[in-house]
Amino acid sequence: MANIKTLAEFIVERQKDFPFATGDLSRLLTSIRLAAKLVNREVNKAGLVDEILGETNVHNIQGERQQKLDVYANERFISAMRNQGEVCAIASEENDDPIIFDHPISRDGKYVVAMDPLDGSSNIDVNVSIGTIFSIYRRLDPNKVTLDDFLQPGTQQVAAGYVIYGSSTMLVYTTGHGVNGFTLDPSIGVFCLSHADMKIPNDGSIYSVNEGNYFDFPENVRRYIDDCKRSKLSARYIGSLVADFHRNLLKGGIYMYPSTAKAPKGKLRLLYEANPLAFIMEQAGGLASDGNQRILEVQPTELHQRCPLFIGSKAMVEAATKD
Ligand code: AHM
Ligand code: MG
């Protein structure tokens, strides 16, 4: 039998990348791994169970109606990290304000986590891949937790990752030492290292954008899309950021969500969509820009801040963001 490395083994092995590591980050990643498996189980039976499939009547801060699986995923990830001792607060796309853990064991937690528990949720009902995105920061002050802990630029991320619930389920993450991908073997319920040291090709032949908004895009973006067509690139747009990102990471390509008339600051959220994926993309040798600057250097001012996003192969992001 080939030598299989599990995510659990890998996390422990990589702890030595951080000379003064106490094991807290390893334990935190382990909690995320468990929540990912639980959410995966529910995602896989979404079509079967009426209580899970479908919408609730609650709207999140973005004014969108939450899907039941959104709520489930949010609760699962929060409870996996609550009162474990590593995390003192979580910000989620599904919650207006950060959730601060007040259990004594959590008060000293070194980390805060920003997450989108179930991205691409409009795709749940139609059996299309969806994902979870997470971003981990060290808290700023050991004596208090404030909004500022979450408003750190993306360059300060300690780790970031995503889970894609697709034809197979994968967990991909970075701690700033390259990007590694793990595929869930459902027969044994274990994530196994399947994509070691992932690198995105410098150039690609796929562009992913909601072209229905074409006439609302800035002039330079329209020109770039026209060039993609003239060069006969392939248009691929799932409408699940994690899935579009994952495909482009493996094959080479660009994902764009520019500003539009309806969404002048773009649609995607800086803290728990753009920043974690930008960290992963740069670690894989690609680029992520808001059109003017590196995503990771944008100074956040709000928890649910939006930003335009151009992310993928280096040569393509450079071309798409040229004036
Ligand atoms: P969500 O977090 O509410 O699911 O929204 C984010 C999603 C992304 O996954 C996807 O790339 C994008 O919104 C699609 O938006 P649009 O339908 O405007 O193209
Ligand atoms: Mg989302």
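This one's a predicted model, so the numbers in the text were calculated from it and none came from an experiment.

Asks: I would appreciate a short explanation of the pattern of salt bridges in the present structure.
Replies: Opposite charge on two side chains lets them pair, provided their charged atoms get close. Inspection of the entire model under this criterion finds 17 salt bridges. Measuring nitrogen to oxygen at the nearest pair gives 3.8 Å for the salt bridge that ties Arg-223 to Glu-219. Taken together, the residues span about one helical turn, with Arg-223 and Glu-219 both in helix α5 (residues 219-230) at a distance of four residues. For Glu-219, a relative accessible area of 48% gives the class partly exposed. What you see here is one network of salt bridges that share partners, running through Asp-24, Arg-27, Glu-86 and Lys-110.

Asks: So what exactly am I meant to see when it comes to the sheet that holds strand β13 (residues 254-257) here?
Replies: Pairing between the strands of a sheet comes from backbone hydrogen bonds, and it takes one of two forms, parallel or antiparallel. Here we have five strands laid out as an open sheet, ordered β12-β11-β13-β15-β14, and mixed in their pairing. Edge positions in the sheet fall to β12 (234-235) and β14 (287-289), since each of these pairs with one other strand and no more. Two strands pair when backbone bridges link them, and β14 and strand β15 (residues 309-312) are joined in this way by three bridges, in the antiparallel orientation. Opposite Ser-289, over in β15, you have Phe-310 as the bridge partner. In this fold α5 packs onto β11 (206-208), β13 and β15, with an angle of close to 145° to the strand it touches most, β13.

Asks: Got a minute to help me understand the coordination of the magnesium ion (ligand 2) in this structure?
Replies: Octahedral metals with six donors have ideal donor angles of 90 or 180 degrees. Tetrahedral metals with four donors have an ideal donor angle of 109.5 degrees. Every protein donor of the magnesium ion (ligand 2) is accounted for by Glu-93 (OE), Asp-116 (OD), Asp-119 (OD) and Glu-273 (OE), and the metal-donor separations fall at 1.9 to 2.8 Å. Donor residues for the magnesium ion (ligand 2), ordered by position in the chain, follow E-x22-D-x2-D-x153-E. Taken as a pair, Glu-93 in the loop between β3 (87-92) and β4 (99-100) and Asp-119 in strand β5 (residues 111-119) lie far apart in primary sequence, 26 residues in all. You'll find Glu-93 and Asp-119 in the same group, each marked buried.

Asks: Which parts of the structure should I look at to understand the site of ligand 1?
Replies: Taken together, 17 residues lie near ligand 1, and Gly-120, Tyr-237, Leu-241, Tyr-255 and Tyr-257 sit nearest. At 3.4 Å, a side-chain N or O of Asp-116 approaches an oxygen atom of ligand 1. Glu-273 has a polar side-chain atom sitting 3.1 Å from an oxygen atom of ligand 1. For ligand 1, whose accessible area on its own is 470 Å², the fraction buried by protein is 85%.

Asks: Any chance you could explain the nonpolar core here in plain terms?
Replies: Among soluble globular proteins, nonpolar side chains are generally buried collectively. Counting 43 residues, the largest nonpolar core has Tyr-162, Phe-245, Leu-271, Leu-277, Ile-295, Leu-309 and Ile-311 as the members making the most contacts within it. No other element matches helix α7 (residues 270-283), which puts nine residues into this core. A domain-level breakdown of this core finds at least three residues from each of domain 1 (7-195) and domain 2 (206-320). The contacts of Phe-245, once residues within four sequence positions are left out, are Tyr-162, Leu-277, Ile-280, Met-281 and Ile-311.

Asks: Would you mind showing me how to read the packing of helix α1 (residues 7-14) against helix α2 (residues 24-44) here?
Replies: Geometrically, a packed helix pair is captured by the angle between its two axes and the distance between the axes. The geometry of α1 relative to α2 is characterised by a closest axis approach of 10 Å and an angle of 165° between their N-to-C directions. With respect to α2, the element α1 is oriented roughly antiparallel. α2 is crossed by α1, and the crossing has right-handed handedness. Contacts between α1 and α2 involve Leu-7, Ala-8 and Ile-11 from the former and Ser-26, Leu-29, Thr-30 and Arg-33 from the latter. For the contact of α1 with α2, a count of residues per class yields four nonpolar, two polar and one charged.

Asks: When you look at a nonpolar patch on the surface in this model, what are you seeing that I'm missing?
Replies: Together, Val-126, Val-128 and Ile-238 make up an exposed nonpolar region whose accessible area comes to about 210 Å². The residue Val-128 is located in the loop between β5 and β6 (130-138) in this model.

Asks: Mind showing me how you'd approach the packing of aromatic side chains here?
Replies: Two numbers describe a pair of aromatic rings. These are the distance of the centres and the angle of the planes. Scanning all chains against the criterion turns up six aromatic pairs. With a centroid separation of 6.3 Å and 90° between ring planes, the pair formed by Phe-10 and Tyr-173 is classed as edge-to-face. Pair noted here: Phe-10 is in helix α1 and Tyr-173 is in strand β8 (residues 169-174), with a separation of 163 residues, a long-range link. Tyr-173 carries the same exposure label as Phe-10, and that label is buried. When the ring of Tyr-237 is compared with that of Tyr-255, the centres are 6.2 Å apart and the planes differ by 25°; the resulting orientation is stacked. Of this pair, Tyr-237 sits in the loop between β12 and α6 (241-251) while Tyr-255 sits in strand β13; the two residues are 18 residues apart in sequence, bridging distant segments of the chain. On the basis of relative accessibility, which here comes to 32%, the residue Tyr-237 falls in the partly exposed class. Following the ring pairs from residue to residue traces out a cluster consisting of Phe-10, Tyr-173 and Phe-182.

What counts, and where the lines are drawn
- Residues numbered from 1 in each chain as written.
- Chains lettered and ligands numbered in written order.
- Predicted model: local features only at pLDDT ≥ 70, side-chain atom pairs only at ≥ 80, totals over all residues.
- Heavy atoms only, no water.
- Salt bridge = Lys/Arg side-chain N within 4 Å of Asp/Glu carboxyl O.
- Helix = DSSP H or I, 4+ residues; strand = E, 2+ residues; numbered from the N terminus.
- Buried < 20%, exposed > 50% of the residue type's maximum accessible area, 1.4 Å probe, protein only.
- Pairing = 2+ DSSP bridges.
- Contact = heavy atoms within 4.5 Å.
- Axes fitted to C-alpha atoms, helices over the stretch in contact; angles between N-to-C directions.
- Donors = N, O, S within 2.8 Å, 3.2 Å for Na, K, Ca; no water.
- Near = heavy atom within 4 Å.
- Polar contact = N/O pair within 3.5 Å; in protein donor to acceptor, adjacent residues only side chain to side chain.
- Areas by Shrake-Rupley, 256 points an atom, 1.4 Å probe, with all protein chains shown as cover.
- Core = buried A, V, L, I, M, F, W, Y, C linked by side-chain atoms within 4.5 Å.
- Domains from an automatic or database assignment.
- Parallel < 35°, antiparallel > 145°, perpendicular 65-115°, else oblique.
- Left-handed = near helix turned anticlockwise from the far one by under 90°.
- Nonpolar A, V, L, I, M, F, W, Y, C, P; charged D, E, K, R; others polar.
- Patch = residues over 30% accessible without salt bridge, like charges linked within 9 Å, V, L, I, M, F, W, Y side chains within 5 Å.
- Phe/Tyr/Trp six-rings, centres within 6.5 Å; stacked < 30°, edge-to-face > 60°.

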